Amino acid sequence: MPPIRIPRSQDDETKFDLDSEVLHELKEKAIAAKGVAYCPYSHFRVGCALLTEDETIITGANVECASYNVGTCAERCALAKAVTEGHTKFKAVAVSTDITPPASPCGMCRQFIREFCPLQMPVFMYDRDGNYVVKTLEELLPMSFGPEDLRRGDGRGEL
Ligand SMILES: O=c1ccn([C@H]2C[C@H](O)[C@@H](CO)O2)c(=O)[nH]1
Ligand SMILES: [Zn+2]
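Parameters at a glance
Residues numbered from 1 in each chain as written. Chains lettered and ligands numbered in written order. Predicted model: local features only at pLDDT ≥ 70, side-chain atom pairs only at ≥ 80, totals over all residues. Heavy atoms only, no water. Helix = DSSP H or I, 4+ residues; strand = E, 2+ residues; numbered from the N terminus. Buried < 20%, exposed > 50% of the residue type's maximum accessible area, 1.4 Å probe, protein only. Polar contact = N/O pair within 3.5 Å; in protein donor to acceptor, adjacent residues only side chain to side chain. Contact = heavy atoms within 4.5 Å. UniProt positions renumbered as here; feature names shortened; annotations may be inferred. Lys, Arg positive; Asp, Glu negative; His and termini not counted. Salt bridge = Lys/Arg side-chain N within 4 Å of Asp/Glu carboxyl O. Pairing = 2+ DSSP bridges. Axes fitted to C-alpha atoms, helices over the stretch in contact; angles between N-to-C directions. Near = heavy atom within 4 Å. Areas by Shrake-Rupley, 256 points an atom, 1.4 Å probe, with all protein chains shown as cover. Nonpolar A, V, L, I, M, F, W, Y, C, P; charged D, E, K, R; others polar.

**Some details on the side chain of T52**
Next up, step 1: By the secondary structure assignment, T52 is in strand β1 (residues 46-52).
Next up, step 2: Judged by relative accessible area, T52 falls into the buried class, the value being 1%.
Next up, step 3: A polar atom in the side chain of T52 sits 2.4 Å from the side chain of D54.
Next up, step 4: If near-sequence neighbours (up to four positions away) are discounted, T52 is found in contact with I58, H87, K89, F90 and K91.

Structure representation (C-alpha cells):
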C-alpha cells in the first residue's frame, strides 16, 4: 500500500481560514474527548470536537450499548449535544481515534453532519500521533441529499 499523505496544518489553516490556536484547541479537545468514550465492547475510542460559528467548542465521544447497534458515534453525540444547547452553525469538525491512518466518520455520521454543516466545512481526522487528514464534508459525502432537497418541488416527489 502506498503511504498516506498527511497534510500539515499551515496550508490547511489558510485554505479553511481557521486560526491556528483555535485549530490546536479543537484538536486537543477531540483528543481529550476520547477519554470519556464508553466503549467496553469495541475498545475503539473516538473523540469529536465541533467548532461552532461563535467559536464555542462542543465535544462528544462514542457511547456503546450491550445491544450493540443501539450505541452511538462520537460525531452524532457531539452534534446532538451542540444542537440541543442551541448551536446550529459550525465551522469545523475534528475527530480523533487511536489508529494510523486516522479513521473517518461513518456513513451515518456523514449524513448527520450534512444536516447541520456547510458542504465546504473541513473535517479534520486525527490519527494516534496527532497528525491529520482533512477533507471537506462534500469530499466525504459527494452528491449528498440534504434539508434543502425537501424544500424543492411540491414535496410529492416531483421537481
Ligand atoms: O467515525 C466513527 C467510527 C466509529 N465510531 C465508534 C462506533 C463504535 O462505538 C466504535 C467501533 O465502531 O467506534 C465513532 O464513534 N465514529
Ligand atoms: Zn458514525
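**So, the UniProt feature "domain: CMP/dCMP-type deaminase" (unreviewed entry) in the protein**
Next up, step 1: UniProt's feature table lists "domain: CMP/dCMP-type deaminase" (unreviewed entry) at residues 21-148, given in the numbering used throughout.
Next up, step 2: Split by type, residues 21-148 is 31% helix and 23% strand. Its first and last C-alpha atoms lie 34 Å apart.

**Some points on the side chain of R76**
Next up, step 1: By the element assignment, R76 lies in helix α3 (residues 74-84).
Next up, step 2: Salt bridges are absent for the buried R76, whose nearest opposite-charge side chain, E75, sits at 6.4 Å.
Next up, step 3: The contact partners of R76, leaving out residues within four places of it in the chain, are M108, C109 and F112.

**Details of the sheet that holds strand β5 (residues 132-136)**
Next up, step 1: Reading across the sheet, the five strands line up as β2-β1-β3-β4-β5 and stay open at both edges, with mixed pairing between neighbours. Taken across any chain shown, the strands that pair with only one partner, and hence form the sheet edges, are β2 (57-61) and β5. The mean angle between the axes of side-by-side strands here comes to 20°, regardless of whether they run parallel or antiparallel.
Next up, step 2: Together, β1, β2, β3 (90-97), β4 (122-126) and β5 form the strand contacts of helix α2 (residues 20-33), whose direction differs from that of β1 by roughly 145°.
Next up, step 3: Seen against the sheet, α3 touches β1, β2 and β3 and runs at an angle of roughly 140° to β2.

**Describing the site of ligand 1**
Next up, step 1: Contacts to ligand 1 come from S42, F44, V46, N62, E64, C73, A74, E75, S104, P105 and C106.
Next up, step 2: Between ligand 1 and N62 there is a distance of 3.0 Å, counted from an oxygen atom to a side-chain nitrogen or oxygen.
Next up, step 3: One of the side-chain N or O atoms of E75 is found 2.7 Å from an oxygen atom in ligand 1.
Next up, step 4: Bound to the protein, ligand 1 loses 76% of the 370 Å² it would expose on its own.
Next up, step 5: Across the shell around ligand 1, the residue classes tally to six nonpolar, three polar and two charged.

**Focus: the environment of A30**
Next up, step 1: Counting through the fold element by element, A30 comes out in helix α2.
Next up, step 2: Judged by relative accessible area, which is 0%, A30 ranks as buried.
Next up, step 3: Non-local contacts of A30, meaning those with residues more than four positions away in its chain, are made with G47, C48, A49, A94 and S96.

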